[in-house]
Amino acid sequence: MYTIKTIEWKNDKVILLDQRLLPQEEAYITCDDYLSVAKAIEHMAVRGAPAIGVAAAMGVALGALGISAKTFGDFYKKLEAVCERLAKTRPTAVNLFWALERMKRVTLENKSLELLKLQERLKEEAIRIFHEDIEINRMIGKHGSALLKDGMRVLTHCNAGALATAGFGTALGVIYAAQEEGKRIHVYADETRPWLQGARLTTWELQKHGVETTLICDNMAASLMAKKEIDCVIVGADRIAANGDVVNKIGTYSVAVLAKHHNIPFYVAAPTSTMDPNIKTGADIPIEERDAREVTHIRDQQIAPTHIHVINPAFDCTPHELITAIITEKGLSK
Ligand code: MRU
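Residues numbered from 1 in each chain as written. Predicted model: local features only at pLDDT ≥ 70, side-chain atom pairs only at ≥ 80, totals over all residues. Heavy atoms only, no water.

Peer 1: I'm lost on the overall build of the chain in this one. Help?
Peer 2: Counting its secondary structure elements, the chain contains 10 helices and 16 strands. Relative to its length of 334 residues, the chain is compact, with a C-alpha radius of gyration of 20 Å against a globular reference of 20 Å. Within the chain, the fraction of its 334 residues that count as buried is 56%. When contacts within the chain are restricted to residue pairs at least 6 apart in sequence, long-range pairs at least 24 apart make up 75% of them. Surface summary for the chain: the accessible area is close to 14,500 Å², and the carbon and sulfur share equals 54%. Within the chain, one finds 40 positive and 42 negative side-chain charges whose respective centroids are separated by 1 Å. (Helix = DSSP H or I, 4+ residues; strand = E, 2+ residues; numbered from the N terminus. Rg over C-alpha atoms; globule rule 2.2 N^0.38 Å. Buried < 20%, exposed > 50% of the residue type's maximum accessible area, 1.4 Å probe, protein only. Contact = heavy atoms within 4.5 Å. Areas by Shrake-Rupley, 256 points an atom, 1.4 Å probe, with all protein chains shown as cover. Lys, Arg positive; Asp, Glu negative; His and termini not counted. Charge placed at Lys NZ, Arg CZ, Asp CG, Glu CD.)

This is the structure we're talking about:
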């Protein structure tokens, strides 16, 4: 199977596939300190909830390597500042905060280690998070592929693939797992305005994996469903509230409403690290508002009048009742 290297820890540096340049250019950026990781997350060189979590953990490890301190107390204070900077990058995907908390917990658990050993331990933990993410995605894929039959046509929104994770993907991991089992699956990829994760990234990686793919504009999904050309929908998630509401890329909610109307199963594939038990309902999940330029421009091309009023929420909330099942590494849950 083709392997996409979204994130890599190499020689105490973090190498990221720059997703802003895809599909035209496959270029990598090298981060040698935590600030460049923070900027890469903010500017979406790396994106997708699990990938953001893994990058943040590696950012903490880089930050730790750069700390000089005589006492654990001093080290921890400086590490907290690193985590605070990384926490400010993007507000919605909980995997970011989950990874930062895990790195802080491991630091506290190893407070008796001398500085060099503690730095080494944090590096090891970040790499462990990376490998675990791939394993978890493989398990999600296995559970999810049981829902797919040979010849099925699946609609997806945004990019929840290898590019959005340490590797393999969540929603697209389900497709890859089905493909590995010999099932032919046809994927309809929503373009996903305004950032075009579907058009630029999902199609790119599905093509690399040899999956039959059709790119559609977001507003074409209803008519395809009405013509009975979609068998099910599978999307990823950025944060799942305690009541099962799912926050994911803007436009996911409208796909879920359409699926309900047409009696089409709507699945969410996500690791349990995307679940936030501290948040009661989807309405309480912070939704990132991004630059208006993403709406008024496509790359450098202006497509709307200057000074037009714009809103650009990056995510929306799909109420739990519209979701057929959530596929995690532990199996299916309603
Ligand atoms: O703004 P992005 O590109 O980071 O948003 C990504 C999504 O909404 C994905 O669907 C989600 O993170 C799941 S990725 C496995």
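Here the narrative resumes.
Peer 1: Would you mind showing me how to read helix α6 (residues 171–180) here?
Peer 2: Helical geometry: 3.6 residues make up each α-helical turn, so side chains three or four residues apart lie on a common side. The buried count for α6 comes to 8 of 10 residues, which makes it a mostly enclosed element. Within α6, burial applies to A171, L172, G173, V174, I175, Y176, A177 and A178. Phi turns positive one or two residues past the end of α6, at G182, with a value near 90°.

Peer 1: Help me understand the site of the ligand in this model?
Peer 2: The full set close to the ligand counts 19 residues, and R47, R90, D238, N248 and K249 are the nearest of them. R47 is positioned such that a nitrogen or oxygen atom in its side chain is 2.6 Å from an oxygen atom of the ligand. Interatomic distance of 2.8 Å between a side-chain N/O atom of R90 and an oxygen atom of the ligand. Elements that contribute at least two residues to the shell around the ligand include exactly α2 (49–65) and β9 (246–249). Of the residues in the shell around the ligand, the class split is 8 nonpolar, 7 polar and 4 charged. Looking at which domains feed residues into the shell around the ligand, each of domain 1 (7–138) and domain 2 (142–333) supplies at least three. (Near = heavy atom within 4 Å. Polar contact = N/O pair within 3.5 Å; in protein donor to acceptor, adjacent residues only side chain to side chain. Nonpolar A, V, L, I, M, F, W, Y, C, P; charged D, E, K, R; others polar. Domains from an automatic or database assignment.)

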